[in-house]
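Given next are the chains, with one letter for each unit.
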Number of protein chains: 2
Amino acid sequence: MKGIILFGHGARSAEYAQPFERIRDAMMARQPDALIELGFLELTRPSLDESIACLVSRGVRRISVVPIFIGPGRHVLKDLPQLAANAMDRFPDLAITLAPPVGESVAVVDAMARFALDA
Amino acid sequence: MKGIILFGHGARSAEYAQPFERIRDAMMARQPDALIELGFLELTRPSLDESIACLVSRGVRRISVVPIFIGPGRHVLKDLPQLAANAMDRFPDLAITLAPPVGESVAVVDAMARFALDA
């Protein structure tokens, strides 16, 4: 069984997670049986580790982690691969694949461009 | 004259700015006469301050800053308003308005959802 984790940075403010929840909701609307969790690097719960453990406990053995980051900075290039490697050490029958950050999507870039011109 | 600054976090890696440049290119394709700069909080150049000064030197007196951030964390809620206020102190005839972060856009959320399902 396969799961998807939307990986975000995290922040102190309670409202921070709302856009991530809206992304998940939009995914569920398109694919109601998808197993989708949010997972944050710091401050916001659940953490990436918590969401991985949650999915594993539900029988998931393949997880695609999608970085909800614009550009390939340290969190995407170093922190995330390290967290994924550690999780695969903890769960030897788990396979985690890392998607490119959403800023690599032409459609995302185009939607941001339209939003910025209208702002 | 009005300008737009795409405000990003910044990172050490040289490739980090590329998605931001693609957003700017997509905006220029739609509106070739728009005055659009990138401006980063840290590490990546140009800084927000540098881009504000650049636009002011070209005669711009109204700047819309669009946070290329997913959620409303500290950088959007505190750092950016502070930087904008300081800039308006330095340039008394300059008006800066702050757009919501791109994660507030329904079209952006939907494009991210589609990307994450395909990843």
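The rules behind each value
Residues numbered from 1 in each chain as written. Chains lettered and ligands numbered in written order. Predicted model: local features only at pLDDT ≥ 70, side-chain atom pairs only at ≥ 80, totals over all residues. Helix = DSSP H or I, 4+ residues; strand = E, 2+ residues; numbered from the N terminus. Least-squares fit on C-alpha atoms with pLDDT ≥ 70 in both. Contact = placed C-beta atoms within 7 Å. Pairing = 2+ DSSP bridges. Axes fitted to C-alpha atoms, helices over the stretch in contact; angles between N-to-C directions. Nonpolar A, V, L, I, M, F, W, Y, C, P; charged D, E, K, R; others polar. Core = buried A, V, L, I, M, F, W, Y, C linked by C-beta atoms within 7 Å. Buried ≥ 20, exposed ≤ 12 C-beta atoms within 10 Å, placed from the backbone. Arc of directions from axis to C-beta. Parallel < 35°, antiparallel > 145°, perpendicular 65-115°, else oblique. Left-handed = near helix turned anticlockwise from the far one by under 90°. Expected span 1.5 Å × (residues − 1).

A. Representation of the environment of T97 of chain A. Tracing the backbone shows T97 of chain A in strand β4 (residues 95-98). Put simply, T97 of chain A and A14 of chain A are 83 residues apart on the chain and 29 Å apart in space, counted from C-alpha to C-alpha.

B. Expanded view of the relation of the copies chain B and chain A. Under the fitted operation, chain B is carried onto chain A by 0.0 Å of movement along the axis and a turn of 180°, and the coordinates agree to an RMSD of 0.0 Å. Such a combination of rotation and displacement between the chain copies is what one expects of a two-fold axis. Residues of chain B ranked by C-alpha distance from the rotation axis are headed by V108 of chain B, positioned 2.9 Å from it. The share of interface residues of chain B whose copies in chain A are also at the interface is 100%, consistent with both copies meeting through the same surface.

C. Representation of the sheet that holds strand β1 (residues 2-8) of chain B in the model. Residue and element names in this part refer to chain B. Read across the open sheet, the 4 strands follow the order β2-β1-β3-β4; overall the sheet is parallel. Of all strands in the sheet, those with a lone pairing partner are β2 (36-40) and β4 (95-98), marking the two edges. Geometrically, the sheet is characterised by an average inter-axis angle of 25° between neighbouring strands, direction not taken into account. Pairing between β1 and β2: 5 bridges, direction parallel. Residue pairing in the sheet places L6 in a bridge with L38 of β2. Of the strands in this sheet, β1 and β2 are in contact with helix α1 (residues 18-30), which crosses β2 at around 160°.

D. Layout of the interface of chain B and chain A. Listed as interface residues are 44 residues of chain B and, on the opposing side, 44 residues of chain A. Elements with a contribution of two residues or more to the side of chain B that touches chain A: β1, α1, β3 (62-67), α3 (74-90) and α4 (106-118) of chain B. Of the residues belonging to the side of chain B that touches chain A, the class tally is 27 nonpolar, 9 polar and 8 charged.

E. Quick peek at the nonpolar core. Counting residues in each nonpolar core, the largest one holds 70 residues, and the members touching the most others are L6, I68 and M112 of chain A together with L6, I68 and M112 of chain B. Excluding residues within four positions of it along the chain, L6 of chain A makes contact with F20, I23, R24, I36, L38, V66 and I68 of chain A together with A116 of chain B.

F. Broad picture of helix α2 (residues 48-57) of chain B. Residues and elements named next belong to chain B. Those residues of α2 not exposed but buried are L48, S51, I52 and L55. Along the axis of α2, the buried residues cluster in a sector spanning 100°; they form a single face. Buried residues along α2 sit against β1, β2, β3 and α3. Of the residues trailing α2, G59 is marked for its positive phi of about 95°.

G. Representation of the sheet that holds β4 of chain A within the structure. All names here are of chain A. Strand order in the open sheet formed by 4 strands is β2-β1-β3-β4, and the pairing between neighbours is parallel. In the strand order of this sheet, the two ends are held by β2 (35-40) and β4, each with one partner. Pairwise comparison of adjacent strand axes, ignoring direction, gives a mean angle of 25° for this sheet. Pairing of strand β3 (residues 62-67) with β4 involves 4 bridges; the strand directions are parallel. Residue pairing in the sheet places V65 in a bridge with L98 of β4.

H. Inspection of the packing of helix α1 (residues 18-30) of chain A against α4 of chain B at higher detail. Running from N to C, α1 of chain A and α4 of chain B point in directions that differ by 60°, and their axes come no closer than 8 Å. In terms of orientation, α1 of chain A and α4 of chain B fall into the oblique class. Crossing handedness for the pair α1 of chain A and α4 of chain B: right-handed. Residue-level inspection shows P19, R22, I23, A26, M27 and R30 of chain A of α1 of chain A in contact with α4 of chain B, the latter providing V109, D110, M112, A113, A116 and L117 of chain B. Classifying every residue of the contact of α1 of chain A with α4 of chain B gives 9 nonpolar, no polar and 3 charged.

I. Expanded view of α1 of chain A. With 13 residues, α1 of chain A extends 19 Å from end C-alpha to end C-alpha; this agrees with the ideal 18 Å at 1.5 Å per step. P19, F20, I23, R24 and M27 of chain A are the residues of α1 of chain A that are buried. Looking straight down α1 of chain A, one finds its buried side chains confined to an arc of 145°; they lie on one side. Those residues of α1 of chain A that are buried lie in contact with β1 (2-8) and β2 of chain A together with α4 of chain B.

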